[in-house]
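Structural features, examined
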Amino acid sequence: MAGTLLLVQFLNGLQLGVLLFLIAAGLTLVFGVMNFINLAHGVQYMLGAYLAVAFYGVVGNFLLALVLALIAALAFGLLLEILIFRHLYDRDHLDQIIATFGVILFLNHGVKVIWGAAPLTLPPPDVFAGSLVLMDGLLYPVWRLVIIAAGLAVAAGLYGAVNFTRVGMLVRAGATNAPMVSALGVNIERLFMMVFGIGAMLAGFAGIMIAPILSVEPGMGDNILILAFVVIVIGGIGSIRGAFIAALLIGLVDTLGRSFAVDILRLAMGPSPARTVGPAIASMLIYLLMAVVLYVRPEGLFPAKGR
Amino acid sequence: MSEPVLRLEALQKRFGSLVVTDDVTLDVMPGEIHAIIGPNGAGKTTLINQISGLIAPDGGRIVFAGVDVTQAPPEARALRGLARTFQITSILPGFPVVENVALAVQARDGSSLRFIGRAADEAKLNRPARAALEQTGLADRAAVRAGDLSHGEKRALELAIALAMQPQLLLLDEPMAGMGRDETDRQVELLLRLKGQFPMVLVEHDMAAVFALADRISVLIGGRIVVVGSPDRVRADPQVAAAYLGEPTI
Amino acid sequence: MTGAAMSIVPSDRAAGSGRDVAGPLLMFMMFALVPLVAALTADRYLLDLAARVMIFAVAAVALDLLVGYGGLISFGHAAFMGLGAYAVGILSAHGIDDALVSFPVAIVVSMLFAWATGVVCLRTKGAYFIMITLAFGQMAYFVATSLAPYGGDNGLTIAARNTLAGWPLFKSDRPFYYFILVCLVGTYLLCRTLVASRFGRVVRGARENASRMATIGFKVQQFQLVAYVIAGGLAGMSGFLLANSTEFVSPAYMSWQRSGELIIMVILGGSGTLEGAIIGAAAYLLTEEWLSGIIENWQVIFGPVLVLVVLFGRGGLMGMATRLWRWWAHV
């Protein structure tokens, strides 16, 4: 019984990790290449979900809705980049924080105006709707497995693109030293736009994929954004590899921690104090992890700019 | 035979597979001006950064005034009397000139964990600060915002800050960089006036200045010390000439 | 970081001098007159609003110490407010409601949290620092939501405001209002003194050029930690005031959105001036009040306003006021 619970939570942790990676990858690239703190990345994720719900309502097909939503999310992300964000790359982080905060306020309440405050749902494609029997007595939702598979596929694709293509090389170079890349004659404006667009699409994709599991509501991107920040801080700003490892680590630690903290603590203290203190400690776990990592390595595990 | 004020023993530093400081052994005797020259990329600034404590060496020792400071942070070395100027001017541009120097005085005047009283009005700090400004010719610029000074004046300010630290040793990282002929001459004059008060390590490209000031010269090529000796000896050395091929004649 | 920051005002102005007394004096006098105006217009709500402005102003001034003078962009400042508030709430839930206990406890708890997190945060620089303070703020928030015995997500109602050695001083709104004003003036004067002191000069110098300060002989991290702890304690005090004012504590007091709002207050008013933080708090809260009275989802308007202010405003309201003043003096 404990074994199946462990496996289930392990898979859940993996799924959260993969989701976090999709969001963190864009965030760390934008941060690493353009030195831009994009708080609005979370609403990009939320927007993906809302757009998917909206298109699904029109076309009735998940895959088609996904494609349309991705395109719309990309378009919207690029619009934000052109109108607002590109004017902030040269400004200090404070200004970036306030401006992107303003964008969050606008979009979190904008979706409320358009779609209402009530949570919306998006059904997964029929073929993936059920549960799979993994072991005796263990049913696991197929869609969660699809998310894990899709996330790993994207990770592999990103890894390949960043490390083996010319464009990827430019992105890596930009994360290490953007002014130098510009000085070498590369159209830095277009590079930035591309990096931003990829990030927006990844975040939107994450939102679309998670929509069948979580409810789609205003502000859904806020908490996961902070987790994504923890991921890139631990992984090292500008590093895709760092984001991947840190995302999986955090997904697993957080999920397993929350499931088993009370039980583990029960061994050390009585059941009653464990039940009181357990949830609090479980919610602190990833931040303690971050504190430990940063104490030892203040620039994260794999910083792009080196040491 | 007196003790060296600074002694570097077999100092090593690598960045990845690039060896930037290769088994550097060097000493600086009391009162001397010891210049370090070498072509671009030889590792001079990295060496200075290791001496002042901003970069940690991978191997070797740094002994300053008889104390092993290899693991000591920059502030500890500064408090022992290790002063430096920076290749790219490093001052506090938003503060008035006199406060830039007064802060250096403040660092060695008891505790700075004082939460009342206006630091800018403390005569105890301002008097030595103004004295240092006098020495570097900035006395009448004391109230000016440091960021508004000319390039040469900023360099002089860096020197004033170093003087206010009552240095046991002064590290000068390309003090003539970006200066025209007149300004360079004035800077050389100033350093000659200070010569003997405390030893100096001078990293510099301007050969005229180096030969006017240095008692001894160490030549750093590819991270290694290739030659050490008097200016005449270094001038005559074939390795040095080869390394500087293409540079204006010494 | 390159380019112009709309936020930072030059150091020499920041250190302050005698001629700057008029502005703050006027401001505090206006605050002092509010209860009389409220009595005259029989507008109780005005008193509540002004009290709220002052409470957040205390936290904002403390944050300006870090952001404007120290160059330390703390994105978890609301956590200290929340901790101070929860100190009041938790003590009250256990029957301890004397301000002589709650007030120092609120401040000490916040300072301890600031010290513990500051030791880790201050090892990082720049953007890493921003994000790690954000994460620690979130940590405090999530711990608060998981405190089931103290209301968890829903928060905790406080039976009554704190008493002062048994005397229900704060029960009546007017005396409590003036207590808040005293706290605000005290915070302002403390920060003014700190900024001009030896300690403050080191912190300000570290903002301009930390490596220069180290090579002069200052252990920069030490000084920044002290500043961080002081700011945390002051924010804890504002949390004490908030809990007493609303007679309610909730994890929302510590949310990162709240931390963001505090930063906005500081920048909107003009960082590195201290008065700016007070003005910014007033501007933000009053705008929020006014807009939310007009339309329900007022953030749809406020959000773009923030973006525009960042893109086109420099030095915040204090900057604009200074430019206006100079232009008028010229004319």
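Source: prediction; values computed, not measured.

Here's the deal with the interface of chain B and chain C
Across the boundary between the two partners, chain B contributes 31 residues, which contact 24 residues of chain C. For the side of chain B that touches chain C, the secondary structure elements donating two or more residues are α2 (74–79) and α3 (97–107) of chain B. The residue makeup of the side of chain B that touches chain C, split by class, is 19 nonpolar, 6 polar and 6 charged.

Topic: the arrangement of the chains
Contact analysis covers 2 pairs of chains in contact, and the most contacts occur between chains A and C. Between chain A and chain B there is no contact; the minimum C-alpha to C-alpha separation amounts to 9 Å.

Thoughts on the nonpolar core
A:Val231, C:Val58, C:Ala60 and C:Leu63 are the most contacted members of the largest nonpolar core, which has 291 residues in total. Per element, the largest residue contribution to this core is 17 residues, and it comes from helix α3 (residues 44–69) of chain C. Not counting residues within four places of it along the chain, the set of residues in contact with A:Val231 comprises A:Leu20, A:Ala24, A:Ala243, A:Ala246, A:Ala247 and A:Ile250.

Quick word on the pairing of strand β9 (residues 216–221) of chain B
All names here are of chain B. In terms of burial, β9 is a largely internal element, 5 of the 6 residues being buried. Of the strand pairs in this sheet, strand β3 (residues 33–37) and β9 are connected by 4 bridges, and their pairing is parallel. Following the sheet pairing, isoleucine 37 is matched in β9 by valine 219. With 5 bridges connecting them, β9 and strand β10 (residues 224–229) associate as antiparallel partners. By the bridge assignment for β10, isoleucine 221 is matched with arginine 224. The antiparallel pairing of β9 with β10 creates a hairpin that spans 2 residues between the two strands, and glycine 222 there sits at a positive phi of about 60°.

What to know about the packing of helix α8 (residues 198–208) of chain C against helix α10 (residues 220–246) of chain C
Residues and elements named next belong to chain C. Two elements in contact, α8 and α10, have axes whose closest approach is 10 Å; the angle formed by their N-to-C orientations is 110°. In terms of orientation, α8 lies roughly perpendicular with respect to α10. Where α8 crosses over α10, the handedness of that crossing is left-handed. Along its contact with α8, which presents Phe199, Val202, Val203 and Ala206, the element α10 presents Val220, Phe223, Gln224 and Ala227. Looking at the contact of α8 with α10 residue by residue, the classes come out as 7 nonpolar, 1 polar and no charged.

Examining the pairing of strand β4 (residues 59–64) of chain B
On any regular strand, side chains alternate: one points to one face of the sheet, the next to the other face. Residues and elements named next belong to chain B. Of the pairings in the sheet, the one linking strand β1 (residues 6–15) to β4 comprises 5 bridges and is antiparallel in character. Bridge pairing in β4 links leucine 8 to isoleucine 62. Where β4 hands over to strand β5 (residues 67–68), the hairpin turn is made up of 2 residues, of which alanine 65 adopts a positive phi near 50°.

Some details on the interface of chain A and chain C
Across the contact, 40 residues belong to chain A and 40 residues belong to chain C. If you list the elements that add at least two residues to the side of chain A that touches chain C, you get α4 (93–115), α8 (220–235) and α10 (271–296) of chain A. With 16 residues, α4(A) is the single largest residue contributor to the side of chain A that touches chain C. Among the residues forming the side of chain A that touches chain C, the class breakdown is 26 nonpolar, 8 polar and 6 charged.

Parameters and conventions
Residues numbered from 1 in each chain as written. Chains lettered and ligands numbered in written order. Predicted model: local features only at pLDDT ≥ 70, side-chain atom pairs only at ≥ 80, totals over all residues. Contact = placed C-beta atoms within 7 Å. Helix = DSSP H or I, 4+ residues; strand = E, 2+ residues; numbered from the N terminus. Nonpolar A, V, L, I, M, F, W, Y, C, P; charged D, E, K, R; others polar. Core = buried A, V, L, I, M, F, W, Y, C linked by C-beta atoms within 7 Å. Buried ≥ 20, exposed ≤ 12 C-beta atoms within 10 Å, placed from the backbone. Pairing = 2+ DSSP bridges. Axes fitted to C-alpha atoms, helices over the stretch in contact; angles between N-to-C directions. Parallel < 35°, antiparallel > 145°, perpendicular 65-115°, else oblique. Left-handed = near helix turned anticlockwise from the far one by under 90°.

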